[in-house]
Amino acid sequence: MLLSSVDSPELHPLMKHHPVWSRALEALHELHADSPVGITELEGDKFFVNVHGYDTVPEEEAKWENHLHTIDIQIALRGGECVDWVPLPELTPLGNYDPAKDKENFKLEGDASRVSRLRMTPGRFAIFLPGDAHRPKVADGVHASIHKAVVKIDTSLLQDWLS
């Protein structure tokens, strides 16, 4: 998991060494507070931007999720939320893996002090790799909702980078 800002120039050289990361960074820079809701394909269903929004909820109502072969880059465009993170082995699978969405939900049992909380405000983004279990949609105590984008990258597009 990585948390950064679109205005962090030290990150840009790291991302520009691979064409997929470079295009993802360009897509982040093209987004703004009034970006329209919808999906923009960058490379079909393997690489796209999904702009959407929702009302945030108390943490006990938000769901833990993980992806097996999809990288999420989540960015706040307007409003805010908290996104919780924990290594996948800390969670118990609920057994509802959806291959079409490459998503499975989990529950946390035990020590909640091991959870890290990210405050997502406009311009901040987080990258979640497979195995980076995350719980978006958590109310931050300031904003009632969020308008955000999620760049989805199938790991098959980054095999050379991941190996």
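Residues numbered from 1 in each chain as written. Predicted model: local features only at pLDDT ≥ 70, side-chain atom pairs only at ≥ 80, totals over all residues. Heavy atoms only, no water.

A.B. asks: Is there a simple way to explain the side chain of N66 in this structure?
C.D. replies: Structurally, N66 can be placed in strand 4 (residues 64-66). A distance of 2.9 Å separates the side chain of N66 from the backbone nitrogen of G131, its partner in a polar contact. (Helix = DSSP H or I, 4+ residues; strand = E, 2+ residues; numbered from the N terminus. Polar contact = N/O pair within 3.5 Å; in protein donor to acceptor, adjacent residues only side chain to side chain.)

A.B. asks: What exactly am I supposed to notice about the pattern of salt bridges here?
C.D. replies: Side-chain pairs of opposite charge can arise whenever the charged atoms involved come near each other. In the structure shown here, the tally under the stated rule is 12 salt bridges. In this structure, D72 and K152 form a salt bridge, with 2.7 Å as the shortest nitrogen-oxygen distance. Pair noted here: D72 is in strand 5 (residues 70-79) and K152 is in strand 12 (residues 145-154), with a separation of 80 residues, a long-range link. Note on accessibility: D72 and K152 belong to one class, buried. The closest approach of N and O atoms between R117 and D84, which form a salt bridge, is 2.6 Å. (Salt bridge = Lys/Arg side-chain N within 4 Å of Asp/Glu carboxyl O. Buried < 20%, exposed > 50% of the residue type's maximum accessible area, 1.4 Å probe, protein only.)

A.B. asks: What's the story with the nonpolar core in this structure? I'm lost.
C.D. replies: Nonpolar side chains tend toward joint burial in soluble globular proteins. Ranked by size, the top nonpolar core spans 23 residues in total, and within it W21, L28, L31, I73, I75, V151 and I153 carry the most contacts. Among the secondary structure elements, those contributing two or more residues to this core are helix 2 (19-30), strand 3 (47-55), strand 5, strand 10 (124-128) and strand 12. A per-element tally of this core places helix 2 first, with 6 residues. With residues up to four places along the chain from it excluded, the contact list for W21 reads M15, I71, I73, I127, I153, L158 and W161. In terms of nonpolar packing, the next biggest core, distinct from the first, is built from 9 residues, A76, V83, F128 and I146 among them. (Core = buried A, V, L, I, M, F, W, Y, C linked by side-chain atoms within 4.5 Å. Contact = heavy atoms within 4.5 Å.)

A.B. asks: Just checking my understanding: could you explain the sheet that holds strand 3 for this structure?
C.D. replies: The antiparallel open sheet is built from 6 strands, whose spatial order is 1-10-5-12-3-2. Both edges of this open sheet fall to strand 1 (2-5) and strand 2 (38-41), since each of them pairs with a single strand only. Sheet twist, expressed as the mean angle between neighbouring strand axes with direction ignored, is 20 degrees. Alignment of strand 1 against strand 10, held across 4 bridges, turns out to be antiparallel. Directly across from S5, in strand 10, lies its bridge partner R124. (Pairing = 2+ DSSP bridges. Axes fitted to C-alpha atoms, helices over the stretch in contact; angles between N-to-C directions.)

By themselves, these observations are geometric and do not establish any function.
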